[in-house]
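Remarks on the overall topology
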Amino acid sequence: MNWNMTVKKQQTTINRPVKAAGIGLHSGEKVSIKIKPARAGMGICFVRRDVDPTMIIPAKVAFVVDTSFATTIGASHATIGTIEHLMAAFSGLGIDNAIVEIDGPEVPAMDGSAAPFMALLMEAGLTHLRKSRKYMKILEPVSIAHEGKSISIEPASSFSVSFDIDFAHRVISRQHYELEVNRKSFVQKVGIARTFGFLHEVEFMRSRGLALGGSLDNAVVIDEDSVLNSEGLRFSDEFVRHKILDLIGDLALLGMPLLGRVTAVKSGHAMHHSLASLLLKKPEVWKMVEVEERHGTGHGSSVFTRDKVVNY
Ligand SMILES: [Zn+2]
């Protein structure tokens, strides 16, 4: 066998089913999820088992029904909210295919980051499937701007993200972060960054029936001038890192990993969804490609195990 042969990068799924339970950030309802292996070409599919008939909702741009406060997908009589952190975990770990069975209207918030999902998926392990992975390779720049917010994507040989935020609040203010997204950088730099909210907004959201499950256990909460969580922040710039996590999760709904450089300024779920929709409407600005990888270098390993989980 030639250990230096080059082969097309293969699609992946997880080795075995894994389960988790928690409460929905917005609904406040207890919900259980079971993540199962799926065949090549299936992508990430959510299944609502608690509705009759059972609903299968592909995690794709076309199924997005709401982008206020979180990203929600839906079809006919069922929706699934706050999918972005779990989607980011799939994307960041390079998992192309999986079935997510869920018994409620929202993915559990866990600790407000993708870390518990990453740990769960790493516990399941990764399997390579006998079908090559297709990437969306950007050929021409595309950008969207609206009311001081913007997002753009331009050609690049890998997937990278640059993000700027600017909040009129002394704890956050201006933050910038950028990284080339791969499994290691995702796990160590952005996957563990938690969602955040302002105390006065939490009260307003609750009056509208949102953030009912929100607490210091699943979000960084900020009052007039400080972080209320006793353990403090995981990074001094945890806020902008979480925005990158959201962006990775939202763009995962393209259903293909990206080869392009994304530059985002103050964007949120709605604008991320607009960029993804625009790309799908403009097939002339990208092409679907396969990528070759060299085997025999130690990187073609078919399984990753818990010893590669970083401490968080
Ligand atoms: Zn988020």
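Residues numbered from 1 in each chain as written. Predicted model: local features only at pLDDT ≥ 70, side-chain atom pairs only at ≥ 80, totals over all residues.

1. Here's the deal with the overall build of the protein chain
Helix and strand counts for the protein chain stand at 6 helices and 21 strands. In terms of overall dimensions, the protein chain is globule-like: its C-alpha atoms have a radius of gyration of 19 Å, near the 20 Å expected for 312 residues. Along the three orthogonal principal directions, the C-alpha set of the protein chain runs to about 65 × 45 × 40 Å. Taking all contacts inside the protein chain whose residues are at least 6 apart in sequence as the whole, residues at least 24 apart take part in 74%. (Helix = DSSP H or I, 4+ residues; strand = E, 2+ residues; numbered from the N terminus. Rg over C-alpha atoms; globule rule 2.2 N^0.38 Å. Contact = placed C-beta atoms within 7 Å.)

2. Notes on the packing of helix H1 (residues 84-93) against helix H2 (residues 115-124)
Axes are the key here: two packed helices are described by the angle between their axes and the distance separating the axes. Where H1 meets H2, the axes come as close as 9 Å, and the angle between the chain directions of the two elements is 45°. Between H1 and H2, the angle is such that the two are oblique. For the pair H1 and H2, the sense of crossing is right-handed. Between H1 and H2, the residues in contact are His85, Leu86, Ala89 and Leu93 and Phe117, Met118 and Leu121, respectively. Of the residues belonging to the contact of H1 with H2, the class tally is 6 nonpolar, 1 polar and no charged. (Axes fitted to C-alpha atoms, helices over the stretch in contact; angles between N-to-C directions. Parallel < 35°, antiparallel > 145°, perpendicular 65-115°, else oblique. Left-handed = near helix turned anticlockwise from the far one by under 90°. Nonpolar A, V, L, I, M, F, W, Y, C, P; charged D, E, K, R; others polar.)

3. Remarks on unusual backbone geometry
A cis geometry characterises the amide bond from Asp52 onward to Pro53, with omega recorded as 0°. Relative to the helices and strands, Pro53 is located in the loop between strand S5 (44-48) and strand S6 (55-58). Non-glycine residue Phe69 carries a positive phi angle of around 70°. With respect to the helices, strands and loops of the structure, Phe69 is situated in the loop between strand S7 (64-66) and strand S8 (72-75). Residue class for Phe69 comes out partly exposed when judged on the 18 C-beta atoms lying within 10 Å of it. (Buried ≥ 20, exposed ≤ 12 C-beta atoms within 10 Å, placed from the backbone.)

4. A look at the environment of Ala75
Secondary-structure assignment places Ala75 in strand S8. Judged by the 16 C-beta atoms lying within 10 Å of it, Ala75 falls in the partly exposed class. Considered as a pair, Ala75 and Gly43 are 32 residues apart in the sequence and their alpha carbons are 17 Å apart. When sequence neighbours within four positions are dropped, the list of residues in contact with Ala75 reads Met55, Ile57 and Phe63.

5. Notes on the pairing of strand S2 (residues 10-14)
Burial analysis of S2 places 4 of its 5 residues in the buried class, which makes it a mostly covered element. Pairing of S2 with strand S11 (residues 126-132), which is carried by 4 bridges, proceeds in the antiparallel orientation. Bridged to Ile14 within S11 is Leu126. (Pairing = 2+ DSSP bridges.)

6. Observations concerning the sheet that holds strand S9 (residues 78-80)
Taken in spatial order, the 3 strands of this open sheet run S7-S8-S9, and their pairing is antiparallel. Single-partner strands in this sheet number two, and they are S7 and S9. Adjacent strand axes in the sheet meet at a mean angle of 40° when their direction is disregarded. For S8 and S9, the ladder comprises 3 bridges, and the chain directions are antiparallel. Across the sheet, the residue bridging to Gly74 is Thr79, located in S9.

7. Regarding the sheet that holds strand S4 (residues 30-37)
Read across the open sheet, the 5 strands follow the order S3-S4-S10-S5-S6; overall the sheet is mixed. Of all the strands in the sheet, the pair left with one neighbour each is strand S3 (18-23) and S6. Pairwise comparison of adjacent strand axes, ignoring direction, gives a mean angle of 25° for this sheet. Bridge count for S5 against strand S10 (residues 98-102) is 5 bridges, and the pairing is parallel. Within the sheet, the bridge partner assigned to Phe46 lies in S10 and is Val100.

8. Let's talk about the environment of Tyr177
Its location among the elements puts Tyr177 in strand S16 (residues 174-180). Placed 66 residues apart in sequence, Tyr177 and Lys243 show a C-alpha to C-alpha distance of 9.6 Å. For Tyr177, the residues in contact, after removing those within four places along its chain, are Phe163, Asp237, Val240, Arg241 and Ile244.

9. A short note on the confidence of the model for the protein chain
In the predicted model, the protein chain carries a mean pLDDT of 91, and the fraction of residues at 70 or more is 92%. Low pLDDT (under 50) marks residues 296-312, which in the prediction has 23 contacts with non-local residues, meaning those over four places away or in another chain. (pLDDT = per-residue confidence, 0-100.)

10. Examining H2
Each α-helix turn comprises 3.6 residues. Residues three or four places apart therefore point the same way. The buried fraction of H2 is high, at 8 of 10 residues. Elements that come into contact with the buried residues of H2 comprise S2, S3, S4, H1 and helix H3 (183-190). Looking one or two residues past H2, Gly125 carries a phi angle of roughly 85°, positive in sign.

11. Considerations on the nonpolar core
The biggest cluster of nonpolar side chains holds 79 residues, and the ones touching the most others in it are Val100 and Met118. Excluding anything up to four places from it in sequence, Met118 contacts Ala89, Leu93, Val187 and Gly191. (Core = buried A, V, L, I, M, F, W, Y, C linked by C-beta atoms within 7 Å.)

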